[in-house]
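Notes for the structure review
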Amino acid sequence: MTDDVSIPRAPSTKRLEPLRHVDAGVLNIGYYEAGPADGPAVMLMHGFPYDIHSYVDVAPLLAAQGCRVIVPYLRGYGPTTFRDKATPRSGEQAAVGADMMALMDALRISRAVFAGYDWGGRAACVGAALWPDRCIGLVSVNSYLIQDIANAMAPMRPEREAAYWYQYYFQIERGRAGLAANRRGIAKLLWSQWSPNWQFDDACFERTAAAFDNPDYVDVVVHSYRHRYGLAEGDPRYAELQRRLAALPDITVPTITLDGAGDGVAPATDGSASAARFTGRRQHRVIPRAGHNLPQEAPEAFAAAVIELIKD
């Protein structure tokens, strides 16, 4: 498998099914599994506002290479539910990282490649940094994604600030109400802004948008974006993990970082700004034309990075 050979894309009606369900930590997680049960494990983690179908082409590529592929719905998405109605609907970075590890424990997976983008990339980075013994290697879109919450209020260049409009919108109750009323409209707008070269059709969008109907979606999303700016308290159960993440821990495992050359929210870089955070072997690649939803837009490149780490 190479990242310059294209494969036929799955039709927009193709769903990753059947789904499985397992109690894992505070959640009952809905997930898709493919490939041999005794193959090297890969955790494929999706972002906001997307779902497991970001991996509709990556999952079969990896399964065909003998991998055990696990693609979970994150908290607040699709069929994943909280086991206790009293559990805070937190979207903080420690929570999504801990969820991934709880799922691995529930499935008795000792080690895996952690791979993702956006929220899922953050979960993968958190897992790789805090539980390196469980991580074969890391594939992360947009490099080091652990949030520096202490410095989150430092402004960026105006053109970068403009791309983050949704994050600022969600800080106020008008934004919460807007997300509740316009889950699909906001997501479709972000897809278009973040991936200007990706020609998705209505069926492709609707396949994913159903995941936003989860009753916890709005609460989890709003909390995620408020917490990252230090404007919302975290769930106390993750306080110690958050304390460790505040130190911006190094990632020591073998890593391949990917940027999409057409990413409309996180412009491609040469990777040098985050290089010091990767103390193990790290390669950085820019994928032509790909936008923010890189695994769905460039599945060959994403899958090739995973396989490279497994074969090392």
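Just so it is clear, the structure is predicted and the values come from calculations on it, not from any experiment. (Residues numbered from 1 in each chain as written. Predicted model: local features only at pLDDT ≥ 70, side-chain atom pairs only at ≥ 80, totals over all residues. Heavy atoms only, no water.)

1. Regarding the pairing of strand S7 (residues 135-141)
What counts here: Burial classes follow relative accessibility: with a 1.4 Å probe on protein chains only, a residue under 20% of its type's maximum area counts as buried, one over 50% as exposed, and anything between as partly exposed. The helix count covers DSSP runs of H or I at least four residues long, the strand count covers runs of E at least two residues long, and both are numbered beginning at the N terminus. Whether two strands pair depends on DSSP finding at least two bridges between them. A clockwise course of the path from the first strand over the helix to the second, judged with the strands pointing away from the viewer, identifies a crossover as right-handed.
Burial of S7 is extensive: six of the seven residues sit out of reach of the surface. As paired strands, strand S6 (residues 112-116) and S7 are joined by five bridges and run parallel to one another. Following the sheet pairing, Val 113 is matched in S7 by Gly 137. Between the parallel elements S6 and S7, the chain passes through helix H3 (residues 118-130) in a crossover that is right-handed. Relative to strand S8 (residues 255-260), S7 runs parallel, the two sharing four bridges. Within S8, the residue paired with Leu 138 across the bridge is Thr 255.

2. What to know about helix H2 (residues 93-106)
Basically, it comes down to this: For a helix, the expected span equals 1.5 Å multiplied by the number of residues minus one.
Spanning 14 residues, H2 covers 20 Å between terminal C-alpha atoms, matching the ideal 20 Å at 1.5 Å per step. Burial analysis of H2 places twelve of its 14 residues in the buried class, which makes it a mostly covered element. A positive phi of about 55° marks Arg 108, the residue just after H2.

3. Let's talk about the state of the cysteines
Using the following cut-off: Working definition: a disulfide is two cysteine sulfur atoms within 2.5 Å of each other.
Across all of its chains, the model carries zero disulfides by this definition. Among the cysteines around Cys 135, which has no disulfide bond, Cys 125 carries the closest sulfur, lying 9.4 Å off. Residue Cys 135 is classed as buried on the basis of its relative accessible area of 2%.

4. Describing the packing of aromatic side chains
Put simply, the test is: Two aromatic rings, drawn from Phe, Tyr or Trp (for Trp, its six-membered ring), form a pair once their centres lie within 6.5 Å of each other, and the interplanar angle then sorts them: stacked below 30 degrees, edge-to-face above 60, tilted otherwise. Think of it as a cone above the ring: NZ of Lys or CZ of Arg counts as a charge over the ring if it is within 6 Å of the ring centre and within 35 degrees of the ring normal.
All told, the structure shown has 29 aromatic pairs when counted by the stated rule. Residue placement shows Arg 277 over the ring face of Tyr 144; its charged tip is 5.9 Å from the ring centre.

5. Let's talk about the pattern of salt bridges
Stated precisely, the cut-off is as follows: Counted as salt bridges are all cases of a side-chain nitrogen of Lys or Arg within 4 Å of a carboxyl oxygen of Asp or Glu.
Applying the stated criterion across every chain, the model contains 19 salt bridges. With a shortest N-O distance of 2.6 Å, Arg 75 and Asp 99 are connected by a salt bridge. Placement of Arg 75 in the loop between strand S4 (68-72) and strand S5 (81-82) and of Asp 99 in helix H2 is noted, with a sequence separation of 24 residues between them. Take Arg 75 and Asp 99: they sit in the same class, and that class is buried. In this structure, the salt-bridge partner of Glu 308 is Arg 285, at a minimum N-O distance of 2.6 Å. Of this pair, Glu 308 sits in helix H12 (residues 299-311) while Arg 285 sits in strand S9 (residues 282-287), and the two are 23 residues apart along the sequence. When its relative accessible area of 26% is taken as the criterion, Glu 308 is described as partly exposed. The exposure class of Arg 285 is buried, given its relative accessible area of 17%.

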